[in-house]
Amino acid sequence: FSAIKFYRLAMQLVPDIEFKITYTRSPDGDGVGKRCVEDNKEDDKMADLLSDFQQQLTLQESSVKLCQPEVDVSQTHISVLPLELLMYIFRWVVSSDLDLRSLEQLSLVCRGFYICARDPEIWHQVCLKIWGRSCNKLVPYTSWREMFLERPRVRFDGVYISKTKYIRQGEQSLDGFYRAWHQVEYYRYLRFFPDGQVMMLTTPEDPQSIVPRLRTKNTRTDAILLGHYRLSQETDNQTKVFAVIMKKKEEKPIDYHKYRYFRRVPAQETDHSFHVGLQLCSSGRQRFNKLVWIHHSCHITYRSTGETAVTAFDIDKMYTPLFFARVKSFTAFSEKPL
């Protein structure tokens, strides 16, 4: 209250006094202003950390390598390797599964690894594997890494899972006094691969027993469906995922002896395929972790005539959204480099 009193007195003496005062130091007198200036400098420095690291390594002597051992070691240090071999190791880290999370963790080792992990060629190849020819132009993004982080995409380091529950009416008891009700619970699993393939499985088994079986495409699970998917950027700025999946083909010879004493002929051979449409969304703090159903249909093709019968399913509450869950074992091993 004393400050307001003196401020009013000062305004009565000199109406524009606040415009005539020039501070030679911080008004607080405890160095707060100085600290604010230093913080702003640090923020500007962190804004372009990559160029800062590159400049520091350039100003050093030419004999200094990309990274140096912190302590003296008798074994050969990784800094002895040429830059080409080091970048090849980084491509193994990314691997064909596009494990960019491990690449980001590797960049935390030192300044040299940070520079290698920001190599535009690595991020460009990653974008090409995800979006193909549609990512030839960098605009409106400033870098290929920014395109990977900001552009909608499906995630490969885990599986999308949905859980559905419903009540089903059972048979009436023999005495007619009551009718049983069953609570049915099942899961849908959806696993995407960078090469454009997708796996889908509907089963009552819980994720702990199913997720390890979805690590590779050569799974022995009978009920699994395999197919291909594509990303579609619509005019309404929404990204959709369209997939065509079918069951593994198992050729079974026809037992004609079974129909030896009957006048009927074997049933027509058919191919079943499922067309799935999903909308890619983000929920909570995670990005691209939700898939909402927009289409589901079954296509039955008769091999003898080539005709196809289409049955579309109504998207109701039984089609619960699929949410992404990261699985560490999916990226624990690298089969081949990027």
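On a predicted model such as this, the values are computed, not experimentally measured, just so you know.

J.: Hey, could you run me through the overall build of the chain in this one?
T.: The number of helices and strands found in the chain is nine helices and nine strands. Residues counted as buried form 31% of the 338 residues belonging to the chain. Within the chain, contacts between residues at least 6 apart in sequence are counted, and of these 52% link residues at least 24 apart. Accessible area for the chain stands at about 23,600 Å²; split by element, carbon and sulfur atoms hold 53% of it.

J.: Would you take a moment to explain the pattern of salt bridges for this structure?
T.: On inspection of all chains with the given rule, the structure shows eight salt bridges. Among the ionic pairs, lysine 163 bridges to glutamate 185, the shortest N-O distance being 3.6 Å. Of this pair, lysine 163 sits in strand β1 (residues 158-172) while glutamate 185 is found in strand β2 (residues 179-192), placing the two residues 22 residues apart along the sequence. Note on lysine 163: relative accessible area 41%, which makes it partly exposed. Since its relative accessible area comes to 30%, glutamate 185 is described here as partly exposed. The partner of glutamate 205 in a salt bridge is arginine 213, and the shortest N-O contact between them spans 3.2 Å. Arginine 213 sits in the partly exposed class, given a relative accessible area of 35%.

J.: Would you mind showing me how to read the nonpolar core here?
T.: Note that soluble globular proteins tend to have their nonpolar side chains buried in a common cluster. Counting 43 residues, the largest nonpolar core has Phe90, Tyr160, Leu190, Phe192 and Leu291 as its most contacted members. Shared between two domains, this core takes at least three residues from each, and those domains are domain 1 (44-68 + 76-150) and domain 2 (158-162 + 190-249 + 266-326). Not counting chain neighbours up to four residues away, the residues in contact with phenylalanine 192 comprise Val154, Arg155, Phe156, Tyr160, Gln197, Val198, Tyr229, Val241 and Leu291. Residues Ile161, Tyr187, Tyr189 and Phe330 belong to the second largest nonpolar core, which totals 13 residues.

J.: Even after reading the chapter, I still don't get the packing of aromatic side chains, so can you show me in this structure?
T.: When we look at a pair of aromatic rings, we describe it by the centre distance and by the angle of the planes. Evaluation of the coordinates by the stated rule reveals eight aromatic pairs. Between phenylalanine 90 and phenylalanine 113, the ring centres sit 5.4 Å apart and the planes meet at 90°, which makes this aromatic pair edge-to-face. You can see phenylalanine 90 sitting in helix α4 (residues 83-94) and its partner phenylalanine 113 sitting in helix α6 (residues 111-117), a full 23 residues away along the chain. For the pair shown, phenylalanine 90 and phenylalanine 113 are each scored as buried. Consider the rings of phenylalanine 192 and tyrosine 229, whose centres lie 4.9 Å apart with planes at 75°: the pair is edge-to-face.

J.: Can you walk me through unusual backbone geometry in this structure?
T.: Among all residues except glycine, the phi angle is most often negative; among peptide bonds, the trans geometry is most common. With phi around 65°, serine 95 is a residue other than glycine that occupies positive phi space. Its place among the elements puts serine 95 in the loop between α4 and α5 (100-106). For serine 95, a relative accessible area of 2% gives the class buried. Of note, the phi angle at phenylalanine 288 is positive, near 55°, even though the residue is not glycine. Overall, phenylalanine 288 belongs to the buried group, its relative accessible area being 5%.

J.: Looking at this structure, how should I read helix α7 (residues 120-131)?
T.: Note that an α-helix has 3.6 residues per turn; residues three or four places apart therefore point the same way. With 12 residues, α7 should reach 16 Å at 1.5 Å per residue; the first-to-last C-alpha distance of 16 Å fits that figure. Burial in α7 covers these residues: Ile122, Trp123, Val126, Cys127, Ile130 and Trp131. Looking down the long axis of α7, one finds its buried residues gathered within 140° of arc, a one-sided arrangement. Close packing links the buried residues of α7 with α4, α5, α6, α8 (144-150) and β4 (225-233). In the stretch just after α7, glycine 132 is the one whose phi turns positive, near 65°.

J.: Mind showing me how you'd approach the environment of histidine 296 here?
T.: Among the secondary structure elements, histidine 296 is positioned in strand β7 (residues 286-302). For histidine 296, a relative accessible area of 9% corresponds to the buried category. Other than its neighbours up to four places away in sequence, histidine 296 contacts Phe274, His275, Val276, Ala312, Phe313, Ile315 and Tyr319. A distance of 3.0 Å separates the side chain of histidine 296 from the side chain of tyrosine 319, its partner in a polar contact.

J.: For this particular structure, what's the right way to read the environment of serine 95?
T.: When the C-alpha atoms of serine 95 and glutamate 335 are compared, they prove to be 7.0 Å apart, with 240 residues separating the residues in sequence. In contact with serine 95, other than residues within four places in its own chain, are Ser334, Lys336, Pro337 and Leu338.

J.: What am I meant to see in the pairing of strand β3 (residues 197-203) here?
T.: Put simply, side chains in a regular strand alternate between the two faces of the sheet. The buried fraction of β3 is high, at five of seven residues. Pairing geometry for β2 and β3, over six bridges, is antiparallel. In the sheet register, arginine 188 faces β3, and the bridge partner there is threonine 202. In this antiparallel pair of consecutive strands, β2 and β3, the connection spans four residues, and glycine 196 shows a positive phi of 95°. Relative to β4, β3 runs antiparallel, the two being bridged by four bridges. Looking at β4, one finds that methionine 200 is bridged to leucine 225.

What counts as what
- Residues numbered from 1 in each chain as written.
- Predicted model: local features only at pLDDT ≥ 70, side-chain atom pairs only at ≥ 80, totals over all residues.
- Heavy atoms only, no water.
- Helix = DSSP H or I, 4+ residues; strand = E, 2+ residues; numbered from the N terminus.
- Buried < 20%, exposed > 50% of the residue type's maximum accessible area, 1.4 Å probe, protein only.
- Contact = heavy atoms within 4.5 Å.
- Areas by Shrake-Rupley, 256 points an atom, 1.4 Å probe, with all protein chains shown as cover.
- Salt bridge = Lys/Arg side-chain N within 4 Å of Asp/Glu carboxyl O.
- Core = buried A, V, L, I, M, F, W, Y, C linked by side-chain atoms within 4.5 Å.
- Domains from an automatic or database assignment.
- Phe/Tyr/Trp six-rings, centres within 6.5 Å; stacked < 30°, edge-to-face > 60°.
- Expected span 1.5 Å × (residues − 1).
- Arc of directions from axis to C-beta.
- Polar contact = N/O pair within 3.5 Å; in protein donor to acceptor, adjacent residues only side chain to side chain.
- Pairing = 2+ DSSP bridges.

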